Amino acid sequence: MLPTTLNTDELARRVVQEAWAQHHEVVAAREVSTETLSAIRPYPYQEEAIKFLSERSGALLADDCGLGKTLCAIESVKQCIGPKLVVCNKRAIEWWYQEIHRQCPGASVHHAVVGGRNDVNWQLWRRARPDVWFIIHWEGLVSRSASLAPVLWDVVIADEAHKIRNRKTKRALALKSLLTQRRIALSATDMEHSPADLWSLLNWFNKDQFQSYWDFFNEFVDYKAGYFGGHAIKGVKNKERLGLLLKDYVLRRTKQEVAPQLPPKIYTNVPIELDGEQRRWYHKFAKEWLIDLEKDDGSDL
């Protein structure tokens, strides 16, 4: 529900922004032709990531946004024959659904928005068959954790995995309750400069090696005692040792590092479908701006 205290221009902007947020992922995924998609092949840096994820039972791919983490994650588990679970943001469900079908033709993919029209029969989770993909959003993971926990998953992929950096959250506890042979985390958030945020992921990857949060904290976090008994974090300590430790679990590349392997930018116009109210506000907003442009005599240009 949009707030009524906003002025007309701001309300119109909010409506248009909301429409974009609601529709752009779905429309973009559906508008790209299958011929274009089938022509996509992993670049060398993606091949490196696929190999990195394939060789480990738990790992974080922390590449910059836009470098193809989704592609790498799916490619790295294509040979897994057991049930696979993807946990992602609600708005990314359709994107994952499209990508899995593109990279794994013929795969059985179930995706659900818990409580929505795409909600599924949750008994499916209990009797998950081999070579089946399930996609659920983070809120659904928490609310349906009792249904998901009994399944022995071949692999669990956690998209936007920085969401479990707080080890005490329901999201983190629900994810760690899942039984799985392989764990893949994806996030563009650089957490190497905040070791305390990394521990929860490392604990998910290897509970035996990363048992104690406070042992890890005291070894790698530079801090001072704060007021009221807290900790004021200053940075990282024992950086070289931490780097060696993370080398087995974290792979991160920036766009600058892989730029020579990337093709020229591809610009795509993505149509946005507006509902009645959004369309009405959009036209009102556009009309007011058009009047302003007509009044401008261009003397300042």
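All of these numbers come straight from a predicted model, not from anything done at the bench.

## A short note on the pairing of strand E1 (residues 58–61)
Burial along E1 is two-sided: Gly-58 and Leu-60 and Ala-59 and Leu-61, pointing in opposite directions, are all buried. By the bridge criterion, four bridges tie E1 to strand E6 (residues 179–186) in an arrangement that is parallel. Note on E6: the bridge partner recorded for Ala-59 is Ile-184. Note: E1 against strand E9 (residues 250–251), two bridges, orientation parallel. In the strand pairing of E9, Leu-61 is matched with Leu-251.

## Side note on the nonpolar core
By size, the foremost hydrophobic cluster in this structure holds 41 residues, and its most contacted members are Leu-60, Leu-175 and Leu-201. Tallying contributions element by element places helix H10 (residues 195–205) first for this core, with seven residues. Every residue in contact with Leu-60, bar those within four places of it in the chain, is listed here: Phe-52, Ala-185, Leu-186, Ser-187, Met-191, Leu-198, Leu-201, Phe-205, Tyr-249, Val-250 and Leu-251. If you look at the next biggest cluster of nonpolar residues, it comprises 28 residues, including Ala-59, Leu-71, Ile-100 and Ala-107.

## Quick notes on the pattern of salt bridges
All told, the structure shown has nine salt bridges when counted by the stated rule. Among the salt bridges present, the one from Arg-56 reaches Glu-55, with a minimum N-O distance of 3.8 Å. Judged by its relative accessible area of 22%, Arg-56 is partly exposed. With its nearest N and O atoms 3.6 Å apart, the salt bridge here joins Lys-78 to Glu-75.

## Here we look at the confidence of the model for the protein chain
Residues with a pLDDT of 70 or more make up 75% of the protein chain, whose mean pLDDT is 79. Within the model, the stretch residues 19–39 combines pLDDT values under 50 with 24 contacts to residues more than four positions away or in other chains.

## Let's talk about unusual backbone geometry
Note on backbone geometry: most residues besides glycine have negative phi, and most peptide bonds are trans. In this structure, Glu-160 is a non-glycine residue whose phi angle is positive, near 55°. One can find Glu-160 in the loop between strand E5 (152–159) and helix H9 (170–176). Its relative accessible area of 28% is what places Glu-160 among the partly exposed residues. Located in the positive-phi region is Asn-238, a residue other than glycine, with phi close to 55°. Along the chain, Asn-238 falls in the loop between strand E8 (231–236) and helix H12 (239–246). Here Asn-238 falls in the partly exposed class, since its relative accessible area comes to 33%.

Conventions adopted
Residues numbered from 1 in each chain as written. Predicted model: local features only at pLDDT ≥ 70, side-chain atom pairs only at ≥ 80, totals over all residues. Heavy atoms only, no water. Buried < 20%, exposed > 50% of the residue type's maximum accessible area, 1.4 Å probe, protein only. Helix = DSSP H or I, 4+ residues; strand = E, 2+ residues; numbered from the N terminus. Pairing = 2+ DSSP bridges. Core = buried A, V, L, I, M, F, W, Y, C linked by side-chain atoms within 4.5 Å. Contact = heavy atoms within 4.5 Å. Salt bridge = Lys/Arg side-chain N within 4 Å of Asp/Glu carboxyl O. pLDDT = per-residue confidence, 0-100.

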